[in-house]
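Close look at the chain arrangement
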Amino acid sequence: MVDDEQGNTANQQGSYRGLTVGALLAEARAAAGRELADVARETRVPLRHLMAIEADDHEALPALPYALGFVKTFARSVGLNPEAVGAQFRTETRLTPHVPTAPSLEPLDEARLPSRGLAFAGLAVLVLVIGGLGLYGSGVLEPVPSAPPAAAVTPPGQVAGSAPAAPAGGVPIVAPATPATPATPAAIPASGPVVLTAREDVWVKIYSRVTGKRAFQGLMVAGSIYNVPEDNGPLVLRAGRAGVIEVTVAGVKLPPLGGPVDTIDGVVLTAPALAERFAGSAAAAPLVQGPASQAAPQPAPR
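1. Let's talk about the overall build of the protein chain
Scanning the protein chain from N- to C-terminus turns up seven helices and nine strands. Taken over 302 residues, the protein chain has a buried fraction of 29%. Summarising the internal contacts of the protein chain: among those between residues at least 6 apart in sequence, 65% fall at separations of at least 24.

Okay, here's the thing in structure tokens:
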């Protein structure tokens, strides 16, 4: 008689009565008054595996090491000796432990190997590629730069910059054209009407610095013109995009008051103040005015 781990002999005579492991475990579980669901919840063995063990359906069980562990856990849960039940399960089952198969080491077929000529050809191509990359990196393959044009030589007896003398044959030599000298920029006048032209839409405010009264405030659309009144005292300009406002004094275009996105404030819109602001600047140029594309904004009533 096989004793269990607690020394009990109950339900241990099943193996001597010709019972299989499944029938032995089912009898022990029924004698203990337990359900398979209770055993599965206690042992954490899946219920389907416990049912397969009791039905002796070894094909439904996993590999031998796992199945043997489930059988021993089941036996311990219902009061049987797990080692004795496990030994009987080994004799009954046809499950075998998994034996890994060694990979076959077949000799290489020489017919599948590349020929010696092909190997040498591949090596030669590799050497050529490496050599070409080296030459390219060293600059040898870069084109040779062309020589700069020769400077003109003044004939003997001729002063540099003067027209060449006619030859004895009477055929005149045409002197090279002299580039035209740019016209001198017009000076900024210290008197005359001040006109603002918006090249793009821009918000402006024109007001009196003394009284704070606004002469004009709003959006000047692209192409609109504003004639600065001269009878309101010195007016100043505030604008959000100084670079898009074109200012002229007596028809002379002034340099930009700032960059395209610069905000300006306090620019006095009188001819003397603008002439002083741009004193020494060579950017002023005469303005050729065409027809205005937009009506000029009117000064706000005083």
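2. Points about the nonpolar core
In terms of nonpolar packing, the biggest core is built from 29 residues, with L196, I206, L237 and I245 touching the most fellow members. When residues of this core are traced back to their parent elements, those giving at least two are strand 1 (194-198), strand 2 (202-208), strand 3 (214-220), strand 5 (235-239), strand 6 (245-249), strand 8 (264-268) and helix 7 (271-277). Here I245 is in contact with L196, T197, V202, V204, L237 and A239, once residues within four sequence places are set aside. Counting 24 residues, the second-largest nonpolar core is a separate cluster that includes L24, A28, L68 and V85.

3. Describing the side chain of S77
Within the secondary structure, S77 sits in helix 4 (residues 64-77). Contact partners of S77, with chain neighbours within four places excluded, come to R34, V39, E42 and T43.

4. Details of the confidence of the model for the protein chain
Taken over all residues, the pLDDT of the protein chain has a mean of 76, while the share at 70 or more is 65%. Taken element by element, the protein chain is modelled with least confidence in strand 9 (residues 285-286), mean pLDDT 52, and with most confidence in helix 4, mean pLDDT 94. Overall, residues 1-14 carries pLDDT values under 50, and its contacts beyond four positions in sequence, including any with other chains, amount to 27 contacts. Taken together, the stretch residues 287-293 has pLDDT below 50 and engages in nine contacts with residues farther than four places along the chain or on a different chain.

5. Structural notes on helix 5 (residues 82-92)
When helix 5 is considered as a whole, its buried residues turn out to be P82, V85, G86, Q88 and F89. Along helix 5, the residues classed as buried sweep out an arc of 165° about the axis, all on the same side. Away from the buried face of helix 5 by more than 90 degrees, exposed residues R90 and T91 are located.

6. Topic: the sheet that holds strand 8
Pairing in this open sheet of four strands is antiparallel, and the strands run 3-2-5-8 from one edge to the other. Each end of this open sheet is capped by a strand with a single partner; those strands are strand 3 and strand 8. Put simply, the sheet's adjacent strands are angled 15° from each other on average, direction ignored. Inspection of the sheet shows strand 2 paired to strand 5 by five bridges, in the antiparallel sense. Within strand 5, the residue paired with S208 across the bridge is L235.

7. Structural notes on the packing of helix 1 (residues 21-31) against helix 4
Two elements in contact, helix 1 and helix 4, have axes whose closest approach is 9 Å; the angle formed by their N-to-C orientations is 30°. The angle between helix 1 and helix 4 falls in the class roughly parallel. Of the two possible hands of crossing, helix 1 and helix 4 adopt the one that is left-handed. Residues V21, L25 and R29 of helix 1 form the contact with helix 4, whose own contacting residues are V71, F74 and A75. Classifying every residue of the contact of helix 1 with helix 4 by side-chain character gives five nonpolar, no polar and one charged.

Parameters at a glance
- Residues numbered from 1 in each chain as written.
- Predicted model: local features only at pLDDT ≥ 70, side-chain atom pairs only at ≥ 80, totals over all residues.
- Heavy atoms only, no water.
- Helix = DSSP H or I, 4+ residues; strand = E, 2+ residues; numbered from the N terminus.
- Buried < 20%, exposed > 50% of the residue type's maximum accessible area, 1.4 Å probe, protein only.
- Contact = heavy atoms within 4.5 Å.
- Core = buried A, V, L, I, M, F, W, Y, C linked by side-chain atoms within 4.5 Å.
- pLDDT = per-residue confidence, 0-100.
- Arc of directions from axis to C-beta.
- Pairing = 2+ DSSP bridges.
- Axes fitted to C-alpha atoms, helices over the stretch in contact; angles between N-to-C directions.
- Parallel < 35°, antiparallel > 145°, perpendicular 65-115°, else oblique.
- Left-handed = near helix turned anticlockwise from the far one by under 90°.
- Nonpolar A, V, L, I, M, F, W, Y, C, P; charged D, E, K, R; others polar.

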